[in-house]
Amino acid sequence: MSTIILKRTYISVLCFFSLFFNTQAQKHQERFETIDILNYKFDIQLSDTNNQIEGTAEIKIRFKKAVTTFVLDFVKKKSNGKGMSVYTVSENKNNITSYTHDNNQLIFNIDATKQDEIRIYTIQYKGIPEDGLIISKNKYNERTFFGDNWPDRSKNWLPVVDHPSDKATVEWVITAPSHYQTIGNGMMVEKTNISDNKIITRWRMVNPIPTKVMVIGAARFAVEEQGEIYGIPVSSWVYPQDREKGFSDYTLATPIIDYMINHIGPFPFKKLANVQSKTRFGGMENAGNIFYAERSVTGTGSNEALIAHEVAHQWFGNSASELNWHHIWLSEGFATYFTNLYFENKYGRDQFVDRIKAERLTIIDYTKKNPAPIVNPNIEDYMQLLNPYSYQKGGWILHMLRRELGDQLFWKSIRTYYETYKYSNALSEDLQRIMEHISGKDLSLFFKQWLYQIGHPKLEATWDYKNELLQVEIHQNQKSSIYNFPLDIKITYKDGTMAIETVMISEKIQISKIVSKKQVTSIELDPNTWLLFELISLNKK
Ligand SMILES: [Zn+2]
């Protein structure tokens, strides 16, 4: 074990706690220190008669310390008839009665555990999921079942630790009317017609994943095996009515997977299925089977950026996951920027620049209305994390780090970060430490100002050329603290030639003097789009 990993465990646990002072976070922290879910086995029965599911969850838990109680997240049946009713609970196959099910919690009172003891709890339950498992009709009026757990909606249909810090392997045993095909995380290990009208399908995921991406889907599907890429089977699952369009759209995934494998590391899971679904999101990166909104299938290939985003999540978010929700940019910012990187590789620099410029405008616009930092522990409704700070600004953080480190060290850092935290969890500090280790640079100010500070530089610039001297005066007029950053200035001379000079900005008002024998006719700030900033004005004195 390297020192990086040893150090990381200590710091991660420390930060996890110190950054969170609200009750909800404290409860997560307490549980994080108590139990570690190793494996879930969910046996779920689906029916056409009604929307009730019958479930048996077998949960393998390692106790991190001696305790006599622990809690799983699980939504209890409510007065509207939705939610889950537990009818038996057993510990290592022996029935127990010492549990209570209140609101969203299943609380176990148990004989004292020893540190590192492993026990298996089996929970039998049934109910109509209020959320999490979406039982509805698709756009062709056919009945479908789709898991849609992000961020912590798994608990509506599965007893779980509904938090990305506790990842586990999962096995699905799905019994459904035989006209459905069922998909789940991992590899299919069984498909059996158990009667004339029922089929049992088992899927097993051997890599630990967070519950937010632990799902099944059951529908009438057309399924195409696209082939293998680096030994990973890639398939398309679409509504039969969209067979041609969907199969055509999802072929876009293969070169994307190829790019990501070559730039980040091996594909994290044993298969990838691209699935048309009823997810409420545009796309949901569920591990090894991405669920796309049903309307995104067009047959025109217009969803390439969406596919690239969800494929990138397989590495960032599903395999290397944020340790807590407030570092979600480690998922969304990465998926956003890796989409741009893929476009840069495929379509060239101009398209890449168009994309990041548009994203910069989105950030500027959003900051005006909702000023907040990227890492914002005040957010308790995790849906609010789906904002331009997590996505576009997170992506811009990576873009500016790429400039800070240069392409070679940037990619080395990305690969090292992924290799270190694959199938595990990380905080922003972990990424910082890897990048500092690889580059030999102190990035503490960079991470502090861009992740924890509100806003971005708003620049007013004036310039003058006199006596063979170009003088550029930069004012930072944002309300938040002063930023430190390299600023490229493109200088155009009277003879038509151009040059780029870089100045380090670290003051509220800063005057840079550049000697030039040639007459300067104009200047431009950040000509190559490397800085997240807002240009208020640029004038000649
Ligand atoms: Zn995403």
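This text goes with the structure placed above it.
Calculation criteria
Residues numbered from 1 in each chain as written. Predicted model: local features only at pLDDT ≥ 70, side-chain atom pairs only at ≥ 80, totals over all residues. Heavy atoms only, no water. Buried < 20%, exposed > 50% of the residue type's maximum accessible area, 1.4 Å probe, protein only. Helix = DSSP H or I, 4+ residues; strand = E, 2+ residues; numbered from the N terminus. Arc of directions from axis to C-beta. Phe/Tyr/Trp six-rings, centres within 6.5 Å; stacked < 30°, edge-to-face > 60°. Lys NZ or Arg CZ within 6 Å of the ring centre and 35° of its normal. Donors = N, O, S within 2.8 Å, 3.2 Å for Na, K, Ca; no water. Pairing = 2+ DSSP bridges. Axes fitted to C-alpha atoms, helices over the stretch in contact; angles between N-to-C directions.

**Q** Describe helix α2 (residues 23–32), listing the residues and the values that go with them.
**A** Three or more residues of α2 are buried, namely Ala25, His28, Gln29, Arg31 and Phe32. Angularly, the buried residues of α2 cover 165 degrees about the axis, an arc narrow enough to put them on a single face. Structural note: α2 exposes Thr23, Lys27 and Glu30 on the side pointing more than 90 degrees away from its buried face.

**Q** Explain the packing of aromatic side chains to me, and be specific about the residues and the numbers.
**A** Taken as a whole, this structure holds 40 aromatic pairs when the rule is applied. For the ring pair Trp150 and Trp325, a centre distance of 5.5 Å and an interplane angle of 75 degrees mean the geometry is edge-to-face. Pair noted here: Trp150 is in the loop between β10 (143–147) and β11 (168–177) and Trp325 is in the loop between β21 (320–322) and α6 (329–347), with a separation of 175 residues, a long-range link. Taken as a pair, Trp150 and Trp325 share a single burial class, namely buried. Ring pairing ties together the aromatic residues Phe316, Trp329, Phe334, Tyr337, Phe338, Phe352, Phe410, Trp411, Tyr417, Tyr418 and Tyr421, which thus form one cluster. Here Lys64 stacks its cationic end above the ring of Phe32, 4.2 Å away from the centre of that ring. In this structure, Arg355 packs its charged tip against the face of Phe343, placed 4.3 Å from the ring centre.

**Q** Report on the coordination of the zinc ion, specifying residues and quantitative values.
**A** Around the zinc ion, the protein contributes the donor atoms His309 (NE2), His313 (NE2) and Glu332 (OE), at 2.0 Å from the metal centre. Considered as a linear motif, the donors of the zinc ion on their single chain read H-x3-H-x18-E. One end of the pair is His309 and the other is His313, both in helix α5 (residues 304–315) and 4 residues apart, which spans about a single turn. Given a relative accessible area of 13%, His309 falls into the buried group.

**Q** An account of the sheet that holds strand β28 (residues 520–525) is requested, with residue identities and associated values reported.
**A** Taken in spatial order, the 3 strands of this open sheet run β26-β25-β28, and their pairing is antiparallel. Each of the sheet's edge strands pairs with one partner strand only, and the pair in question is β26 (498–505) and β28. The mean inter-strand angle of the sheet, taken between neighbouring strand axes irrespective of direction, is 30 degrees. Judged from the 8 bridges that link them, strand β25 (residues 485–493) and β26 form a sheet pairing that is antiparallel. The partner of Ile489 across the bridge, within β26, is Glu501.

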